[in-house]
Structure formats: C-alpha cells, structure tokens
Amino acid sequence: MDDLDDLLRTIRRLSERPKWRWPKEDRDDLRGEHALPLLCLIGPADATEVVAEVLVSRLRPDPAKVRRTPRRLVPSAAVRADDGIVDAAEGRPLLPLLNLLVTQLGTDRYGAGREIPFHTFRLLDWLTRHKASTLDRDQQMPLRGKLLEWYSPPVNEGEDVIGPALAAVTTDKALALSRVVPRMARVLGRWLWVHGLRGGEPRWLMRQPYMVPAHSAGFLRFARRLTVDNREHENLRQMKLLLVHAFLRDLRLFYGTRTWRLRRWRRTGYVTVVLRGITELNGGWELLRLINDVRNQTGAHDPLLVVATATGIPEELNLTAEPVSKIEKTVATWKQWLPWKRQQFEPTARFIAVRLDRPPAVPGEVGECWEPRRMPWFARKWVSVAAVLALLIGSAAAAAPAWLREDPCGGAELPSAATAWMPETNECIGFSAAGFVFGSTDKLRRAQEAVFEQNAVADRLHGENPGRPVLTLVYIAELTHPTTREGTDDAEAEELTGLLIQQAEANTIGNSTDDALNPLLRIVIANGGYQMKHARRTVDQFVVPLAQRDDTVMGVVGGGRTVAETESAIGVLGAHGIPLLATTLTGESLHTLSSLYFQLSAGNGPQARLIAEYAASAGKSVTVFHPDLALEPDEYLKSLHDQFAALQSGPAPIRFSQWRTPSTADVRCGTGDIVFYAGRETGFTDFLSKVLETCPLSTRPTVIGDDAITRFIAQGESRRSTKFAGASLGYVSLANRVVLAGNSCVATGDPDPATRQDYERPMMTFCKGLHRLYSPSGDKPPAWRAFGEELAKHDGNRRWTGERVGTAYDAAGLYVYAAVRTKSRVLYDPDKRNPHRATVAQEFREFDCAAQASTNCFKGVSGWVDFRNGRDGRNRPLAILTINDLNATEVNPVCTFRFQDSAPCP
C-alpha cells in the first residue's frame, strides 16, 4: 500500500506543471517547466495491470465512482500497446501506437476549451499513407491540390477528398480572410501556405533536422518523399523520428511553452499517457526510444509524461529497474544526471525504470480523481489579454538590459567556457575548454569531449608536477551552422582529431629530470560561427581577453576560411601579440595583416601554378569555373581568380567561365579540357552534378576542385549520392603526404609501405596515435573511447587519413617544439615555467630546412616547415589527388601530380 501511494504521488507530482516562479536552485535546467521522464513500470503482468488500472482511474475516472464531478481533468490517454499491432495492408500507419494516442488526445473532454488539433502530425501521417505512383512524375499539381484541400477545403464542396482522419481539422485551418474576399484570399493564402509563408507546417518541415529537408528543392518535393512509393529510398527511422517530432511539436504549440502565451498559463497539468503492456513486437519500446532520441537531438521541452508497463526491459537498452520503494530517490537521481546524459546523447537519458515485484494492495474505497491546478485569475478569458499587455508594457524597459546580458547558450555559467548567442544566425559563439560543446553532429561533439578530457589530464599532471610548463592553444573554426544548411562538421572534427593525438603524446607521465622541458598541452575550442561570420567578435570578445589573463596561452591554430571577418581577426590577434598558425587558409596576402601570422598551407598562387603545370604536362587546357565575384564578394575566390589570370600567358591555355548558380554553369564536354572548380564547397555538389549530367563518360573532362572542397571530401555523407557512383574527382591537396599514408595508417598504425620512403619518425608516431584512437583499448579514458568508437562506426566514411588531421597535428606540434627550444636556451627556473608567446613566435622564424640535417628544421607529417624565408606557406608541398570513385569512401585517393616537393607521385 505504501509503495503504491509513493508511486502515485510521484506520478502526480510529475504531471503537475510548475508555476512560473520556482525556487532559485530549481531553475538551473528549464525555466517554468520541469523535465518529464519515460517512466517504465517493470514487473509481472498482474502487478503492472493493478497499478495501471489505479492510475487510469485517477486520470480518467468513472463518473459513477467519484465523490464529485471534476471541473477539469489532466489531459491523458490510456492505450494497450497490443492494440497498435495491425496488418501490413496499404495505408497502415508507420507508428500505430502514436495514432491511437492522437485519437484519444484529440478530443475536448478535459475542460480545456478546445481539442488538441495535431495539425502537423496529421499532415505527415496522411502523407506517409498516401500513394503517389498514380501521379504524373513531372506534374506536382495532383499532390499540390490535395495538400491545399487539406489546408483549406473548397467552397461548396461537401466531399472529403483526404479522408475522415482529417475532417476534424480542416475547418479550423480555413483562412479568415476568405470571409471578406473569398476567391482572392483563398488563392493568396494557399500560395503563402505552400511556400512556407503562412500556416507553419511547410516552413517548420523544411527547417527541422530529420530526413534532411535541404535535399529537397521545396516543400512539395519533400512531401512527395514521404509517400509510400518513395519510402524504399528513405531512411525509415528518420521518417519515424519526424513523425514523433511533429507529434511533440503539436503538443508544445497547444501548451504554449513560451512564457507570454496565454496557453502557457491556462494549461496547468502535463499530458499524461499510459501505455500498457509494451513489447518490442507491438512497437511500445520503439516508440519510447524514438521519443528519447527526439528529445536528446532537438533539446526542446515537450509537455508529455509517459508511464509504460512491461514485463521486462530489452537487453540493448542497458537499463536497470530500481525497486518501486525507492521511486522518489530514483526520480531525484535521474533529474540530477539528466543534463549530463542528454549532453552525451545517452540512449536511455530520458528513461526511468522501477520494479514491481508483486501486486500492490488496493483499497476498495471510492477512488479519487486528479484535477490540474486552477489557472491563475489573470489567465482567464475576461482579463488575460489585458493582463499580458500590461505586463509586457510595464516590464519591457526594466527587463531589456537583462535580456541583453542573458546567455541562452549556457556557456557563461561554466568556469571554463564563455559564450554569446547570435540571434541573427541562431548560433552560439565563444570558447570552451571543458563542459560546453559546439555543433550538432555526434562526431564533432565527441571530438570536443575527448579534447576536454585531455585538458583535465594536463591539469592533473601539472598539479602533480607544478614545474612542468603548460601550453594552451586556441583552436578557432566554424563549428556551427544553420539547421537548413549543410555544415562542415566532419572537416572540423578532423582538425580536432589531429590536436587530440598531439595532446595524447604531450600529456604523459614521466619521471625523468627533463620533465620540466616537456610541456603539457591544453586546447581551448573557439567558434567563429557559420562561414566564420563572427570571427572578429569571437576574437575581440573572447580570445584576446583569455590570452591577456592566461599567460599559458601561446597562440591560435586553425582559422576557418579566408573571408573578410577572418582577415580582420588576424589583424586583431597580431595587434595584441598573439601568434596564429593557420592550418588551411590559402589567401595570398594574409601574412601582411600580422607579423605573427604563419601559414601551414601553400597559397592560391602555388595552387594556380600546380594546375597550370599539370595541364601543360598532360597536354590539356584549363577552364576555371567561378561565381560572379562582383555579386558575391569573396577574398579567397578573388585571389584564386587573379592568380589564374596572371598565368594566362603560360604554357597551358586558361580561360574563365562565370556561373549564375553552380547548377547553371556552361560546361563544355571534351577529354582534352580540365574543368577546375574555383568556388566554395557549398556549391560543389550542384556543380559536379551538372558536369556528370551534361557530359557522358566518353567525353567527360577532367574535374579538379580547389582546396576548399576538402570539406566536401571530409563530409562522407556528401559523397554517398547514387549519382556520384563511379565518378572520378581530382582535388588540390594541401597535405598530400598525410593522405597517401593510406588505410594502413589507421588500420595498423603504420604508413603505407609503398610510400614508406616519404616518411620518417614523425609519421610513424602520428599513425600509431591515430590507430590507438580508431581502435581504443580498455585502458583509455571514457571520452577517448567514445570518440574512437564514433570514428569506427563511420566505416561508410573513409578509413584513410584526412589531410586536416595532419595539418592540425603539425600546428600543435610546432608550438610544443618551439616551447621546448625556448626552454632549452635558458637555465631552468621553476617560477618561470612557461615561455612567453612572443618568444615562441620568434622560434618559428628560426626554422630553417635548407640543410636536411639541421636541428632548426621542423619535420612534420605534412612536410617540413620552414618560416625563415616567408610566412605565407609558399614552400609547402602541393599535389593533385584523385578519387576514382566518389562512392567508394573506403578507397584511398591516388597521387596524380605533385610539385614543390623532393619526391614525385609514388
């Protein structure tokens, strides 16, 4: 009896929506809400059924068995999971259990004033049951017409063309303006809705993350992808996640989770769902996993409390059921660990499991019913509008400064992070050394967590031996992007991989007296925003103040991409005496912006000469395709264009072709021509598709991309399109030695034997570190293992070494090498364990590889580094690498042409 009372008390407490004003200590996670779990009651069927019956009697009481008629009830649904098992006939819903819940919740029997409409879910549910095979492939009007009828049924048309399932929602979606100017308003409203400018559903569908809506040219094409005929070409789990996401979105809209919506104040009890007898067969556990994943991946709070009963837990969930007698402690522990688990994307982050060993004793008295808390007086209809307006007007002036200081990212609350929210691009910028991670993909986030783990190792080793110097490097790159745009997450993850391997080599325990000369390495990760649009602000507001208060900061690595904002940031870093080792920047004049700028990649001038020399040796001409630089100013592309223009009188014919959009480029077929793509990676997919569609294999020109498309190469998902099957692609590699180390560098820890003469001890050390990451052993720390396992999961992505891994590895290694040389010049002084960043930058200028045996030459895995004769990377090796089949992501590229290097292509 006591256990049952504790369980019911806990469920009721969870179902009660908190008031707006919480105690301060409870406001760390969600403002005005509390997290809702997926509560699983595990035990024998007779025990769980008793609890389910009692719970249902509280939520949906029999009027004949209650003491008084309740004013309102908690919005709830109770279904038996086995009712969701239906045959596989045409029109079967993808998630039958979810449809049962929508049917029960979509009625107004709770005293809330209206039913939950579930507009978005019902639209998607109809599309996923609709068959499009009878529609003309080249005409979208049939599907378009039916979608418009769903949105607003025609006047004087009594027939329901969509089906009984949507009859309850169509009248609510009718346009208000149609009462005034029926025909004109109807046409305008339909056009606005289809184009995502009214109504919400198309706009939301094209911006949400599931099924990659950006791969569709518009809403109608995305809608067609959801139909039964196209399901075999889509990821079924992504489609199910989209349905669950839409269901939870409809609940959020109905509950008005934003503070100043009246619905927020009127809904005082969370939606409570009871799923009875869930199993793998009836789809109950699948639905819970989908809800968990959507909550983790979107981060949005939804007002759904799920209570499920089952006889056991699937083994793959790795979930332990606690005794029901400890239910309150179990819930408290879950709330405590939830922020960490959802940050780690744990597959059981939202689950709570309790065990029922025997049926509880239930009194035979008349049951009680649960009533949600009465809404506040000012939320009632006759005063709510006036109250909200008065509150907005009265508090706007006083609250505005607080809004400006608020950090929606949450990094400002962490001791090792500082962030700021950019509302114009909806992303967080700033820096983090622990706790806060940027980006959205698992690979990028786990890479950062592994780096932060190494930071903790460095701090611990420094505490054990305070005499060891600590070097802190700031890695700056574009780590976030809008949800509607394809990002470069894998390319940044590659650079973090190189930094991580260098950290693991530096942060080791040593007992020799020379430890004082062996620095520990910390990495601070800074985000310059999508396409580095906020690079200057990140440097001004975060990086420079960090360097001024922390003398362990030796400099910056990375740089992102050559744009005006990056150039401005380079100048600011130089003005404050902070060195920058650029890993992938190739602008020709960047070194003039700062005397402390050092470039690890050859610039656009050598890149243009590489293509011209290759064309001359192959007896081919070159057509340089580029955007209209007057309409789309881009310093990197302008510099590349100018360098090619300076070579037009050279041995190889060079001409230019300007596009309006990459997909409209005027491609001329012919095997005697080299089609050189001089654009950003964002348009390369469309450009390559245009070449492949225009030119048959027998007359297809040689396609070579500039160094910017290494982001396309790194992003394995970009290459898996079936239209790229068998397509050959060359590209300019800034670190070809690393790429040509081959699959064995990852698989066995040794460079490719065919090119072994190119590699010395640094490459052997690098490959062994990379192999340890891809094949982590049990003695490695947890974040290292998690990142290694994430890398190993991407077998479809390449298993050969990305060049960005090598350049970032060398960049961090340069700082370590320079710091060691600096310390070796003076007598050891424990009070001055860290070198000054200015002396480290000066050490860079001392590097001289004129004599191969010189101790002043830094021999990196991407080639020898020599800054004595220039900081613009003009002497760095370049090569054209070729991928013979873009879909074969596991096959290593081959070297086609290489210069500025002592060794020819192997």
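It should be emphasised that the depicted structure is a prediction, and the values quoted were computed from it without experimental measurement.

Trainee: How would you explain the overall build of the chain if you had to name every residue and give the values?
Mentor: Looking only at helices and strands, the chain has 29 helices and 22 strands in total. Each of the 906 residues in the chain was classed as buried or not, and the buried ones make up 55%. In the structure as shown, the chain presents an accessible area of about 39300 Å², 52% of it carried by carbon and sulfur atoms.

Trainee: I'd like a rundown of the side chain of Thr807, residues and numbers included.
Mentor: Position of Thr807 relative to the elements: it lies in helix α28 (residues 803-824). Judged by its relative accessible area of 3%, Thr807 falls in the buried class. Excluding its chain neighbours within four sequence positions, the residues that come into contact with Thr807 are Thr583, Leu600, Ala735 and Ser862.

Trainee: So, the confidence of the model for the chain: which residues are in play, and what are the values?
Mentor: With 77% of its residues at a pLDDT of 70 or more, the chain shows a mean pLDDT of 79. For the stretch residues 134-141, pLDDT sits under 50, and the model shows eight contacts to residues farther than four places along the chain or on other chains. Across residues 153-181, confidence stays below pLDDT 50; counting only partners more than four residues off in sequence or on other chains, it has 43 contacts.

Trainee: An account of the state of the cysteines is requested, with residue identities and associated values reported.
Mentor: Tallied over the entire structure, the rule returns three disulfides. Each sulfur in the disulfide pair Cys409 and Cys428 lies 2.0 Å from the other. Linking Cys409 and Cys428, the disulfide has an S-S dihedral of approximately -105° and is accordingly described as left-handed. Separated by 19 residues along the polypeptide, Cys409 in the loop between α14 (381-405) and β7 (417-422) and Cys428 in strand β8 (residues 427-432) bring together distant segments of the chain. Paired through a disulfide, Cys669 and Cys695 show a sulfur-sulfur distance of 2.1 Å. As the torsion about the S-S bond is roughly -95°, the Cys669-Cys695 disulfide counts as left-handed. Taken together, the residues Cys669 in the loop between β15 (654-659) and β16 (673-677) and Cys695 in the loop between α21 (684-694) and β17 (702-705) connect sequence positions 26 residues apart.

Trainee: Can you lay out the pairing of strand β9 (residues 470-477) for me, pointing to particular residues and giving the numbers?
Mentor: In terms of residue burial, β9 counts as a mostly covered element, since eight of its eight residues are buried. Of the two faces of β9, the one lined by Val470, Thr472, Val474 and Ile476 and the one lined by Leu471, Leu473, Tyr475 and Ala477 are each fully buried. Summarising the sheet, β9 and strand β10 (residues 520-527) pair through eight bridges and their orientation is parallel. Bridge pairing in β10 places Leu473 opposite Ile523. In this structure, β9 lies alongside strand β11 (residues 553-558), joined through five bridges in parallel fashion. Bridge assignment links Val474 to a residue of β11, and that residue is Val556.

Trainee: Hey, could you go over the side chain of His626 for me, with residue numbers and the actual values?
Mentor: Considering the arrangement of structural elements, one finds His626 in strand β14 (residues 621-627). By relative accessible area, which is 7% here, His626 ends up buried. Beyond its immediate sequence surroundings of up to four residues, His626 is in contact with His641, Phe656, Ser657, Gln658, Trp659 and Ala678.

Trainee: Let's hear about the pattern of salt bridges: which residues, and what values?
Mentor: Going through the model one piece at a time under the given rule, you end up with 28 salt bridges. Of the charged contacts in the structure, one is a salt bridge between Arg225 and Glu234, with a shortest N-O distance of 2.8 Å. This pair shows no difference in class: Arg225 is buried, exactly as Glu234 is. The closest approach of N and O atoms between Glu681 and Arg711, which form a salt bridge, is 3.7 Å. In this pair, Glu681 sits in the loop between β16 and α21 while Arg711 sits in helix α22 (residues 710-714), placing the two residues 30 residues apart along the sequence. In this structure, Glu681 and Arg711 share a single accessibility class: buried. Three or more residues joined by partner-sharing salt bridges are found here, namely Glu49, Glu53, Arg80 and Arg276.

Trainee: Before we move on, can you summarise the sheet that holds β9 with the specific residues and values?
Mentor: Taken in spatial order, the seven strands make up an open sheet running β7-β8-β10-β9-β11-β12-β13, and their pairing is mixed. At either margin of the open sheet sits one strand with a lone partner, and together these are β7 and β13 (597-599). For this sheet, the mean angle separating the axes of adjacent strands, direction not counted, is 20°. Strands in contact with helix α15 (residues 442-464) are β8, β9 and β10; relative to β10, the strand with the most contacts, it is inclined by about 145°.

Trainee: I'd like a rundown of the sheet that holds β14, residues and numbers included.
Mentor: One open sheet accounts for seven strands, arranged β15-β14-β16-β17-β18-β21-β22; its pairing is mixed. Both edges of this open sheet fall to β15 and β22 (894-899), since each of them pairs with a single strand only. Neighbour-to-neighbour, the strand axes of this sheet turn through a mean angle of 25°, independent of strand direction. With five bridges joining them, strand β21 (residues 878-883) and β22 adopt antiparallel strand pairing. Bridge pairing links Ile880 to Phe897 in β22.

Trainee: Outline the packing of aromatic side chains, supporting the account with residue identities and numerical values.
Mentor: For the coordinates displayed, the defined rule picks out 21 aromatic pairs. Judged by centre distance (5.2 Å) and plane angle (75°), the ring pair of Tyr815 and Phe844 falls under edge-to-face. Here Phe844 lies in helix α29 (residues 837-846) and Tyr815 lies in helix α28, a separation of 29 residues in the sequence. Each member of the pair, Tyr815 as well as Phe844, is classed as buried. Where Tyr817 meets Phe858, the ring centres are 5.6 Å apart and the plane angle is 55°; that geometry is what we call tilted. A residue pair is termed long-range when its members are at least 10 positions apart, and Tyr817 in helix α28 and Phe858 in strand β19 (residues 858-860) qualify at 41 residues. The ring of Trp784 has Lys780 sitting right over it, with the charged end atom 5.3 Å from the ring centre.

Trainee: Lay out the pairing of strand β6 (residues 351-355) in plain terms, naming residues and giving numbers.
Mentor: With respect to burial, β6 is a largely interior element, four of its five residues being buried. The pairing of strand β1 (residues 38-42) with β6 spans five bridges and is classified as parallel. Bridge pairing in β6 links Leu38 to Phe351.

Trainee: I'd like a rundown of the nonpolar core, residues and numbers included.
Mentor: In this structure, Tyr475, Ile525, Leu581, Phe766, Leu814, Phe844 and Phe867 are the most contacted members of the largest nonpolar core, which totals 64 residues. Ranked by the residues each element gives to this core, the list is headed by α28, at 10 residues. Contact partners of Tyr475, with chain neighbours within four places excluded, come to Glu492, Glu495, Leu496, Leu499, Ile523, Val524, Ile525, Ala526, Val557 and Gly558. Grouped together as the second largest cluster of nonpolar side chains are 59 residues, Ala77, Val79, Leu242 and Trp285 included.

Trainee: Tell me what's going on with helix α27 (residues 782-793), and back it up with residues and numbers.
Mentor: Here α27 is 12 residues long and its end C-alpha atoms lie 16 Å apart, about the 16 Å a rise of 1.5 Å per residue gives. Those residues of α27 not exposed but buried are Ala783, Trp784, Phe787, Gly788, Glu790 and Leu791. Burial along α27 is one-sided: seen end-on, the buried residues are contained in an arc of 160°. Exposed residues pointing more than 90 degrees away from the buried face of α27 are listed as Pro782 and Lys793. Residues of α27 that are buried sit in contact with α15, α16 (489-506) and α26 (761-774).

Trainee: Pulling in residues and values, what's your account of the packing of helix α10 (residues 236-255) against helix α12 (residues 284-298)?
Mentor: One can describe the packing of α10 onto α12 by two numbers: an axis separation of 9 Å at closest approach and a directional angle of 75°. Taken together, α10 and α12 sit at an angle that is classed as roughly perpendicular. Counting all contacts with α10, which are made through Arg237, Lys240, Leu241, Val244, His245 and Leu248, the residues of α12 involved are Glu286, Leu287, Arg289, Leu290, Ile291, Asp293, Val294, Gln297 and Thr298. A per-class count over the contact of α10 with α12 returns seven nonpolar, three polar and five charged.

Trainee: Describe the environment of Gly683, naming the residues involved and giving the relevant values.
Mentor: Note that Gly683 resides in the loop between β16 and α21. Along the primary structure Gly683 and Thr661 are separated by 22 residues, whereas in three dimensions their C-alpha atoms are 8.1 Å apart. In contact with Gly683, other than residues within four places in its own chain, are Pro662 and Tyr677.

Trainee: For unusual backbone geometry, give the residues involved together with the corresponding values.
Mentor: Even without glycine at this site, Met211 takes up a positive phi of about 65°. Within the fold, Met211 resides in the loop between α8 (201-205) and α9 (219-225). Positive phi outside glycine occurs at Val212, with the angle close to 45°. Mapped onto the secondary structure, Val212 falls in the loop between α8 and α9.

Quick notes on the rules
Residues numbered from 1 in each chain as written. Predicted model: local features only at pLDDT ≥ 70, side-chain atom pairs only at ≥ 80, totals over all residues. Heavy atoms only, no water. Helix = DSSP H or I, 4+ residues; strand = E, 2+ residues; numbered from the N terminus. Buried < 20%, exposed > 50% of the residue type's maximum accessible area, 1.4 Å probe, protein only. Areas by Shrake-Rupley, 256 points an atom, 1.4 Å probe, with all protein chains shown as cover. Contact = heavy atoms within 4.5 Å. pLDDT = per-residue confidence, 0-100. Disulfide = S-S within 2.5 Å. Pairing = 2+ DSSP bridges. Salt bridge = Lys/Arg side-chain N within 4 Å of Asp/Glu carboxyl O. Axes fitted to C-alpha atoms, helices over the stretch in contact; angles between N-to-C directions. Phe/Tyr/Trp six-rings, centres within 6.5 Å; stacked < 30°, edge-to-face > 60°. Lys NZ or Arg CZ within 6 Å of the ring centre and 35° of its normal. Core = buried A, V, L, I, M, F, W, Y, C linked by side-chain atoms within 4.5 Å. Expected span 1.5 Å × (residues − 1). Arc of directions from axis to C-beta. Parallel < 35°, antiparallel > 145°, perpendicular 65-115°, else oblique. Nonpolar A, V, L, I, M, F, W, Y, C, P; charged D, E, K, R; others polar.

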